[in-house]
Amino acid sequence: MIVLDKVNKWYGQYHALADVTQRVEQNEVVVVCGPSGSGKSTLIRTLNRLEEIDGGSISIGGRDIHARGHDVNALRAGIGFVFQHFNLFPHLTSLENCMLAPVNLKRATKPEAKAYALELLDGVGLAHKADAYPHELSGGQQQRVAIARALAMRPPIMLFDEPTSALDPEMVGEVLQVMRKLAGQGMTMVCVTHEMGFARDVADRVWFMSEGRILEQGRPEDFFTNPTHPRAKQFLADRSGR
Amino acid sequence: MLELIHDYWLYFLIGQYPNGPLGGLTLTVLLSAAALALAMPLGLLLGVARVSPWRAVRWPTAVLVQLVRAVPLLLVVFWAYFFLPAVTGVKTGQATTMLMTLVLFDAVYLAEIVAAGIRSLPKGQLDGARSLGLSYGQALRLVILPQALRHVSPSLVSQLVATIKATSLGYIIGLSEVSFIATQVNTLVFTKAVEVYIVLALTYFVLCFGLSRLAFLLERRMNRRTVHATKLNSR
Amino acid sequence: MTFFDASLLRSGEYHDWLVQGLLLSLQLLAASFIIALPLGVAIALMRTSTSRVLRGIGATLVEGIRNVPLLAHLLFWYFAFPELLPEPVKMALYDSNPEFICATIALSLYASVHMAEDIRSGIRAVPASQMEAARSLGLGRIASLRMVLLPQAIRIAVPPLLSQTVNLWKDTSVATVIGDSGLFDGVAGDFAGRAAVRAPLPGADLRPRCLNLSTITGCTS
């Protein structure tokens, strides 16, 4: 479904992404892990063109998404993106946050959007907070609303950029639970995360990145027990020492 | 002083109306409010242009804004009143001239205020809106501007105060705003200059200080909301 | 009617008036600045002092002066202030240069409160630990202020103070224009040829002061 072919990106002299070539099949859950600054966030942001690329190509559903003239807004409407810092709109309630895009992009009428939004909020366990404003919610609650907001556009693909990194430890679980449920429902997901437990349980494949390259990729049971690349070994050793 | 106020309070308040054009304090306030209201659309446009992602839009706007801010308002008032009619052949009245120059000035200062408001939002807000598939224009209209304008509402009130003070320059082209009326009263009475000008100063003070306090309270109310939000999510 | 006759600027009557007007503006700027800056520092120190009384006085001064437009200040100092003076002082004022003196007072006060606010921001930007360090070395309050706090505060405040000086320069043009017809016959309008009524203030030749570049271009028609 998603095909990356020799993707390259530079920030000036700094080579942020180097010859990234991978595939993500439908219904697959891919976890991207690696040390800080390895380019994980940059990579996932190129998938919905929040970042542009300097070389190679990315195709979704067979179409080159970075081609000139490709409709960026339509692309993004078809992909759900969940940010590390939630980015909920503070001047709107949870419900309004979820309804904003479907209504304004003419995907649904107001009543339809409202009904589906309530259904989604219920799905993440926050139907009772539909009329609450973001500043009235905890971090974990805000992130769950953010996931519902992304799902409101009924995207076939969901991208998660370190969704639990900004949360207090006790709230990480509730967000991961929502993500597990989504994976169980067959959603195609690419997640950048440090949560190794989640990766082990839910991911179909793990990509290990360092310095802009995917150094190793494979099934989680293979990767976590028997990493081959020395850098990957180092990374996992550091992690378990924690 | 009380006698003075008793005799001239109406003239001070509305000028020669209805036997002449509206003047005095009412003119000052109405002119300021009208100028700010009319300048708002232009100010919004220029403010958005100031932070535009396209350089071709950003730079000329920056130049325009800096240029207008560098010129003293007095000069523009003169040019508009004495010079412009010679060029265009259309002689505008004092109130209209003053209104035009105030709208121009307010638009430029509003542009800076709006731009600052937009820049004060976390970058994630635009990302969040665009990641849902909203266009740049939709993101501005639905997400960025509603928040930005709310954040800068104290500055908007301060700009109203600045406009009220700027209307006093209308004196120089003979506009019957409140300073001009005060001077006319002084010429009529002649022996009470101190009282007249103290009343004038007090009038401005009450008006401008009152509005400034409003701006201060607005700012405090908004800071309280942000503190509440950060408390909820603190580590 | 010529659109813009540049030769008028280079010599002749208009040229002299223009230069005179410019000189007057510069003189007002210098005089007002010299008074405004120290006054601004004093007011800023009042507003940041530990004494509630001083803070109150400082705040009153700033709010009282700031919320009244410059023009109203000029009118007060030109018209009302001389009336408050005892007779011999008033006469002495009229015999010298009343417009200049009154304009300088008005401009200085107006500029000083704006500068005071900028300096106050500068003072607040200096970490409190600086004063603590100075005091713990045994320096008295005034010495600490003078040698540690103020130098740093003023350095921080230089950019906004510069723009306040530019504002002061722009404000002198208001004062110079007022010094002519608008002030004395109460109706500014087409003042380019109007003789001013000058009963209270003898001896001042007011015409040159109204000229600046803007009025030149208006005058050529």
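Residues numbered from 1 in each chain as written. Chains lettered and ligands numbered in written order. Predicted model: local features only at pLDDT ≥ 70, side-chain atom pairs only at ≥ 80, totals over all residues. Heavy atoms only, no water.

K.L.:
If you had to explain the overall build of chain A to someone new, which residues and values would you point to?
P.N.:
Assigned secondary structure in chain A consists of 9 helices and 10 strands. For chain A, whose C-alpha radius of gyration is 18 Å, the value lies close to the compact-globule estimate of 18 Å for 242 residues. Overall, chain A is about 55 × 45 × 30 Å in size when its C-alpha atoms are taken along their principal axes. Across chain A, every contact between residues at least 6 apart in sequence was considered, and the portion connecting residues at least 24 apart equals 65%. Roughly 10,400 Å² of accessible area belongs to chain A as shown, and the carbon and sulfur atoms make up 47% of that amount. Across chain A, 27 positive and 28 negative side-chain charges occur, with their mean positions spaced 3 Å apart. (Helix = DSSP H or I, 4+ residues; strand = E, 2+ residues; numbered from the N terminus. Rg over C-alpha atoms; globule rule 2.2 N^0.38 Å. Contact = heavy atoms within 4.5 Å. Areas by Shrake-Rupley, 256 points an atom, 1.4 Å probe, with all protein chains shown as cover. Lys, Arg positive; Asp, Glu negative; His and termini not counted. Charge placed at Lys NZ, Arg CZ, Asp CG, Glu CD.)

K.L.:
Outline the environment of Arg52(C), supporting the account with residue identities and numerical values.
P.N.:
Residue and element names in this part refer to chain C. Mapping Arg52 onto the fold places it in helix α3 (residues 52-66). With a relative accessible area of 71%, Arg52 lands in the exposed category. When the C-alpha atoms of Arg52 and Asn97 are compared, they prove to be 39 Å apart, with 45 residues separating the residues in sequence. (Buried < 20%, exposed > 50% of the residue type's maximum accessible area, 1.4 Å probe, protein only.)

K.L.:
So what about the interface of chain B and chain C? Which residues, and what values?
P.N.:
The interface of chain B with chain C comprises 36 residues on the first partner and 34 residues on the second. Ranking the residues of chain B by area buried against chain C places Lys165(B), Tyr171(B) and Tyr197(B) at the top, with a combined share of 19%. Counting every contact that joins chain B to chain C gives 3 residue pairs in polar contact (both at pLDDT 80 or more). When contributions to the side of chain B that touches chain C are tallied by element, the ones reaching two or more residues are α3 (55-70), α4 (73-88), α8 (153-166), α9 (178-189) and α10 (193-232) of chain B. (Buried area = accessible area lost by both parts, 1.4 Å probe. Polar contact = N/O pair within 3.5 Å; in protein donor to acceptor, adjacent residues only side chain to side chain.)

K.L.:
Go over the pairing of strand β4 (residues 55-60) of chain A with me, naming the residues and quoting the values.
P.N.:
Residue and element names in this part refer to chain A. Of all the 6 residues making up β4, 5 are buried; the element is thus mostly covered by neighbouring parts of the structure. Sheet analysis places strand β1 (residues 2-11) next to β4, joined by 5 bridges and oriented antiparallel. Following the sheet pairing, Ile2 is matched in β4 by Ile60. Relative to strand β5 (residues 63-64), β4 is paired through 2 bridges, and the arrangement is antiparallel. (Pairing = 2+ DSSP bridges.)

K.L.:
How would you summarise the sheet that holds strand β9 (residues 205-210) of chain A if you had to cite specific residues and measurements?
P.N.:
All names here are of chain A. An order of β6-β7-β8-β3-β9-β10 is seen for the 6 strands of this open sheet, with the pairing classed as mixed. Single-partner strands in this sheet number two, and they are β6 (79-82) and β10 (213-218). Direction aside, the axes of adjacent strands within the sheet are offset by 15° on average. Relative to strand β7 (residues 157-161), β6 runs parallel, the two being bridged by 4 bridges. Bridged to Val82 within β7 is Phe160. Its contacts with the sheet place helix α5 (residues 139-151) against β6 and β7, and it is angled at close to 170° to β6. (Axes fitted to C-alpha atoms, helices over the stretch in contact; angles between N-to-C directions.)

K.L.:
Could you give an account of the pattern of salt bridges, naming the residues involved and the relevant values?
P.N.:
Residues and elements named next belong to chain A. The final tally for this structure, using the stated rule, is 17 salt bridges over all chains. Of the charged contacts in the structure, one is a salt bridge between Glu52 and Arg49, with a shortest N-O distance of 3.5 Å. Residue classification places Glu52 among the partly exposed positions, given a relative accessible area of 38%. Accessibility expressed as a relative area gives 12% for Arg49, which makes it buried. (Salt bridge = Lys/Arg side-chain N within 4 Å of Asp/Glu carboxyl O.)

K.L.:
Which residues make up the pairing of strand β2 (residues 14-24) of chain A, and what values do they have?
P.N.:
Residues and elements named next belong to chain A. In the sheet, β1 pairs with β2 via 7 bridges, with the strands oriented antiparallel. Pairing of Trp10 across the sheet is with His15, part of β2. Between β1 and β2, which pair antiparallel and follow one another directly, the connecting turn spans 2 residues, one of which, Gly12, has a positive phi of 65°.

K.L.:
Please give an account of the side chain of Glu28(A) that cites residues and values.
P.N.:
All names here are of chain A. Turning to its location among the elements, Glu28 is positioned in the loop between β2 and β3 (29-33). Using a relative accessible area of 10% as the deciding quantity, one classes Glu28 as buried. One polar contact links Glu28 to Arg205, side chain to side chain, over a distance of 2.8 Å. Sequence-distant contacts of Glu28, that is, excluding residues within four places in its chain, are made with Arg23, Met187, Thr188, Met189, Asp204 and Arg205.

K.L.:
Quick rundown of the sheet that holds β4(A)? Include the residues and the values.
P.N.:
Strand order in the open sheet formed by 4 strands is β2-β1-β4-β5 (chain A), with antiparallel pairing between adjacent strands. Each having just a single partner strand, β2 and β5 of chain A make up the two edges of the open sheet.

K.L.:
Hey, could you go over the interface of chain B and chain A for me, with residue numbers and the actual values?
P.N.:
Across the boundary between the two partners, chain B contributes 26 residues, which contact 31 residues of chain A. Both sides together, the interface formed by chain B and chain A hides about 2,300 Å², and carbon and sulfur atoms give 54% of it. For the pair chain B and chain A, the interface holds 1 salt bridge. Here Arg45(A) and Asp127(B) are joined by a salt bridge, their closest N and O atoms 3.1 Å apart. Counting across the chain B and chain A interface gives 6 residue pairs in polar contact (both at pLDDT 80 or more). Taken together, the residues of the side of chain B that touches chain A sort by class into 8 nonpolar, 11 polar and 7 charged. (Nonpolar A, V, L, I, M, F, W, Y, C, P; charged D, E, K, R; others polar.)

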